[in-house]
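# Reading the structure
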Amino acid sequence: MADILGIDIGGTGVKAAPVDVATGRLTAERAKLATPHPATPDAVAAVVRDLVNDFGWTGQAGVTFPGVVTSGVVRTAANLDPSWLHMDAEDLLGTATGLTVKVLNDADAAGVAEMKFGAGVGERGTVLMLTLGTGIGSALFYDGILVPNTEFGHIEIGGKDAEKRASEHARETEDLSWGKWAGRVDAYLDKMEALLSPELIIIGGGISKRSDKFLPKLSPLRARIVPATLLNDAGIVGAAMAVTQ
Ligand code: BGC
């Protein structure tokens, strides 16, 4: 099967690479451009178009979005401009790029990629993937089947939105030590375990390449906690996979 271009729109950067969806491998070095601010639909669409043009891409493309997406339409946009709400992102990005694009939630994409090619391979029962980055994204699986748009980054911990306390962004902006931040992640994971009783929790997102810094500091749960293995490429791979599903 021909490669598919995967594009991952984040609160900080927009990344893209062609993906061999049979193996989950990137077939060219990934390109990254900064997310424009304000991150309005037209500004982000222009960045997506630039990435498509950088690769000279004319084939299929999958795109992740950091918010709830149903049937290609954006329903929430916690970390991008509110003018995204109710926008048909497949239409917008399709027009901007001249391609047919599929759009889905970023954490769902990352989770699907980890289940197929990464830390979730062969895992049954309830698996929870959490991405800790600009926000907190979640992807919930039962026997490998995704329940989309779960948005567990927005449950409340101590009266605050969880992602405001325990995202990688919170660690950076509040200049928290790894130990202090791990305490916040602990409180969040305790709550998720109480709600869902997963067998496995996969930690991905921007933080996953530094898992040695904080995973050993987390308190044990009944669930196994493992780092994502596709690291920050999971969104790109999952975006491309979504086109074939
Ligand atoms: C959004 C989610 C997204 C996550 C990670 C949250 O603020 O609500 O949809 O998956 O950030 O980008």
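Attention here is on the structure that accompanies the text. Values in this document were obtained by computation on a predicted structure and should not be read as measured data.

As for its placement among the helices and strands, Ser 197 is situated in the loop between helix H6 (178-196) and strand S14 (200-204). Through-space distance from the C-alpha of Ser 197 to that of Leu 92 is 39 Å; in sequence the pair is 105 residues apart. Beyond its immediate stretch of four places on either side in the chain, Ser 197 contacts Thr 126, Met 192 and Arg 222.

For the ligand, the set of nearby residues contains 14 residues, the closest of which are Asn 105, Asp 106, Glu 151, His 154 and Glu 163. Between an oxygen atom of the ligand and a side-chain N or O atom of His 154, the distance comes to 2.7 Å. Taking 310 Å² as the accessible area of the ligand by itself, protein coverage stands at 94%. Taken together, the elements giving at least two residues each to the shell around the ligand come down to helix H3 (106-117) and strand S10 (136-142). Among the residues forming the shell around the ligand, the class breakdown is five nonpolar, six polar and three charged. Two domains share the shell around the ligand, each providing at least three of its residues, namely domain 1 (4-108 + 234-243) and domain 2 (122-230).

This brings us to the packing of aromatic side chains. Taken as a whole, this structure holds four aromatic pairs when the rule is applied. Look at Phe 65 and Trp 84: their rings are 4.8 Å apart centre to centre, the planes differ by 55 degrees, and that puts the pair in the tilted class. Of this pair, Phe 65 sits in strand S5 (residues 61-65) while Trp 84 sits in the loop between strand S7 (73-74) and helix H2 (89-97), placing them 19 residues apart in sequence. Across this residue pair, the class does not change: Phe 65 and Trp 84 are buried. Between Trp 178 and Trp 181, the ring centres sit 6.0 Å apart and the planes meet at 80 degrees, which makes this aromatic pair edge-to-face.

Conventions we followed
Residues numbered from 1 in each chain as written. Predicted model: local features only at pLDDT ≥ 70, side-chain atom pairs only at ≥ 80, totals over all residues. Heavy atoms only, no water. Helix = DSSP H or I, 4+ residues; strand = E, 2+ residues; numbered from the N terminus. Contact = heavy atoms within 4.5 Å. Near = heavy atom within 4 Å. Polar contact = N/O pair within 3.5 Å; in protein donor to acceptor, adjacent residues only side chain to side chain. Areas by Shrake-Rupley, 256 points an atom, 1.4 Å probe, with all protein chains shown as cover. Nonpolar A, V, L, I, M, F, W, Y, C, P; charged D, E, K, R; others polar. Domains from an automatic or database assignment. Phe/Tyr/Trp six-rings, centres within 6.5 Å; stacked < 30°, edge-to-face > 60°. Buried < 20%, exposed > 50% of the residue type's maximum accessible area, 1.4 Å probe, protein only.

Coordinates in, geometry out; function isn't part of it.
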